[in-house]
Amino acid sequence: MNEKKIIFFDIDGTLVTEDKIIPESTKTAIQYLQKKGHYTVIATGRAPNMFQHIQKELNISSYIAFNGQLLVCDGIEVYSEPLDSTFVNDITTFADQHNHAIGFGNHKDLIITHADHPLAKDNFLHLKLDYPAVDPDYYKQNTVNQLNLLCTEQEEIIYKEKYTDYKFVRWGYFGADVLPADSSKAIGIQKFIEYAGAAMENVYAFGDGENDIEMLSSVKNGVAMGNAVSELKDVASYVTTDCNQDGILYGLQHLGLIDSSFVNYHFDLSRAKI
C-alpha cells in the first residue's frame, strides 16, 4: 500500500473564494502538502478547461471532473464515463424547445448550444470565465461526460420529472449539472484510490456544497468549510473556517497534515472562529 496521503479539494467556495481568488494561505498549504509528497487532487463538477488556470496556479496535475465522470491522475486519464448518446440527444432537443441552453462537457471542451443565453452569460461572468464556443450539434460527433442545463430551479422540475434516471446537481440560480443518478465525486474518489493504491485512512476531502455530500460521507476525514451548506456540515468529521478565512490551512492543521509550528510561523490564525 502507498502511504502517501491523498487530499481532495472542491473548487468554488473551497479552493477559491466568492470572488474566485485563491487565498495565499491556501496556496502555501497546497505547496506544503506537495513538498511532503502527498497527492493534492481537485474534485469538481466543472469541466477541465474551466479550471486549468487553477491547476497551473496550484501546480495540481490530478483531478476528478464532472462530479466523478472523469478522472485524471498525474496528468494521465484513468477513467472516463460518457453519457448515453440517446439521452443527450433527447434532453438537448427538449431543452431547445423550452429555450434553455445545454452545455456539453468532456476532457477537452465545454461547448454550449446557445449564443448569448442570459443565464449562461451571468454564470460565466460570475465564474470570471469567457463564454464558451457555441455548437448545438457538438454532441453528435463527440462523447459527453456531463451536461450543464441552464435554467431556473423552478424550470428544472420538468426535467427531473422526465429524466428520472439522472440527477440534477444545482449550482446557484444559473443551472444544474446533469449526470447519471449513481454518479458522484465519491465514485471518482474510490476509483482514484484504487488506481493510486492508497488506504482509506490516508484519504481526506474538503468541500462546501451539496455536490460534496457524497464525497465527505465516503472518507474518514471529511472537512466542511465554514461557508458550507448545513447539510454538508452535518456529515463532515470537522468544520473549519470559511474559505476566505484560511479554512484550508486551518483544516489541514487540525488534521495533523501541516505542522502547527509552520502555521504559527507563517500565519496568524488567532482570528479564526470555529
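Just above sits the structure.
As a convention, each chain's residues are numbered from 1 in the sequence order in which they are written. Per-residue local features are limited, in this predicted model, to residues with pLDDT of at least 70; the limit for side-chain atom pairs, both in listing and counting, is 80 or more; totals at the level of whole chains, interfaces and linings are taken over all residues. Side-chain calculation: all heavy atoms of the structure are included, whereas hydrogens and water are not.

Q: In this structure, what is going on with the nonpolar core? I would like to understand it.
A: Nonpolar side chains in soluble globular proteins tend to end up buried together. To qualify as a nonpolar core, a set must consist of buried Ala, Val, Leu, Ile, Met, Phe, Trp, Tyr and Cys residues joined through side-chain atoms within 4.5 Å. The rule is simple: take the accessible area with a 1.4 Å probe, protein chains only, and divide by the maximum for that residue type; under 20% is buried, over 50% is exposed, in between is partly exposed. Of all hydrophobic cores here, the largest spans 45 residues; its most connected members are Ile7, Phe9, Ile42, Ile54, Phe206, Leu252 and Ile258. Membership of the second largest hydrophobic core comes to 23 residues, among which are Phe8, Val41, Ile64 and Leu232.

Q: I'm lost on the pairing of strand 6 (residues 101-105) in this one. Help?
A: Looking down a regular strand, the side chains alternate between one sheet face and the other. The secondary structure listing takes helices from DSSP runs of H or I that are at least 4 residues long and strands from runs of E that are at least 2 residues long, numbered from the N terminus. Among the five residues in strand 6, five count as buried, and that is most of the element. Note: two strands are recorded as paired if DSSP finds a minimum of 2 bridges between them. The pairing of strand 6 with strand 9 (residues 146-150) spans five bridges and is classified as antiparallel. What sits directly across from Ile102, in strand 9, is Leu149. Where strand 6 folds back onto strand 7 (residues 110-112) in an antiparallel hairpin, the turn is made up of four residues.

Q: Help me out: how do you make sense of the environment of Tyr39 in this one?
A: With respect to the element layout, Tyr39 can be found in strand 2 (residues 39-43). On the basis of relative accessibility, which here comes to 12%, the residue Tyr39 falls in the buried class. Remark: the alpha-carbon pair of Tyr39 and Asn211, spanning 172 residues in sequence, is separated by 21 Å. We call two residues contacting when some pair of their heavy atoms lies within 4.5 Å. Beyond its immediate chain neighbours, meaning those up to four positions away, Tyr39 contacts Lys4, Lys5, Ile6, Ile7, Ser62, Cys73, Asp74, Phe192 and Ala196. Among the polar contacts made by the side chain of Tyr39, one reaches the side chain of Asp74 at a distance of 3.5 Å. Between N or O atoms, a polar contact is any pair within 3.5 Å; within protein, one atom must be a potential hydrogen donor and the other a potential acceptor, and residues adjacent in sequence are included only when both atoms are from side chains.

Q: Explain the side chain of Thr44 here, please?
A: Along the chain, Thr44 turns up in the loop between strand 2 and helix 2 (52-58). For Thr44, a relative accessible area of 2% puts it in the buried group. Within the structure, the side chain of Thr44 is placed 3.0 Å from the backbone nitrogen of Arg46, a separation counted as a polar contact. Apart from residues no more than four positions distant in its own chain, Thr44 is found in contact with Asp10, Ile11, Phe51, Ile64, Ala65, Phe66, Asn67 and Lys185.

Q: Sorry if this is basic, but what is going on with the packing of aromatic side chains here?
A: Given two aromatic rings, one states the distance between the centres and the angle between the planes to describe the pair. Pairing of aromatic side chains requires ring centres within 6.5 Å, counting the rings of Phe and Tyr and the six-membered ring of Trp. Pairs whose planes differ by under 30 degrees are stacked, by over 60 edge-to-face, and all others tilted. Scanning the entire structure with this criterion turns up 12 aromatic pairs. Centre to centre, the rings of Phe104 and Tyr139 are 5.3 Å apart; their planes meet at 40°, and the pair counts as tilted. You can see Phe104 sitting in strand 6 and its partner Tyr139 sitting in the loop between strand 8 (133-134) and strand 9, a full 35 residues away along the chain. Accessibility assignment for this pair places Phe104 and Tyr139 in one class, buried. Through successive ring pairs, a cluster of aromatic residues spans Phe87, Phe94, Tyr159, Tyr163 and Tyr166. A positively charged side chain is recorded as over a ring if its NZ (Lys) or CZ (Arg) lies within 6 Å of the ring centre. The angle to the ring normal must also be within 35 degrees. Between the NZ or CZ atom of Lys4 and the centre of the ring of Tyr39, over which it lies, the distance is 4.2 Å.

Q: Is there a simple way to think about the sheet that holds strand 3 (residues 62-65) in this case?
A: Where strands meet in a sheet, backbone hydrogen bonds hold them as pairs that are either parallel or antiparallel. Here eight strands make up an open sheet; going across it, the order is 5-4-3-2-1-12-13-14 and the pairing mixed. Only two strands of the sheet have a single neighbouring strand rather than two, namely strand 5 (76-80) and strand 14 (238-239). Here four bridges tie strand 1 (residues 6-9) to strand 2, and the two strands are oriented parallel to one another. Paired with Ile6 across the strands is Tyr39, a residue of strand 2.

Q: Is there a simple way to explain the sheet that holds strand 10 (residues 166-171) in this structure?
A: The strand order across the open sheet formed by six strands is 8-7-6-9-11-10, and the pairing between neighbours is mixed. The open sheet has two edge strands, strand 8 and strand 10, and neither has a second partner. Across two bridges, the pairing between strand 7 and strand 8 is parallel. Across the sheet, the residue bridging to Ile112 is Val134, located in strand 8. Lines are fitted to the C-alpha atoms to define the axes, a helix being fitted only along its stretch in contact, and any angle between axes, read from their N-to-C directions, falls within 0 to 180 degrees. Lying over the sheet, helix 5 (residues 153-162) contacts strand 9, strand 10 and strand 11 (175-180), oriented at roughly 170° with respect to strand 10.

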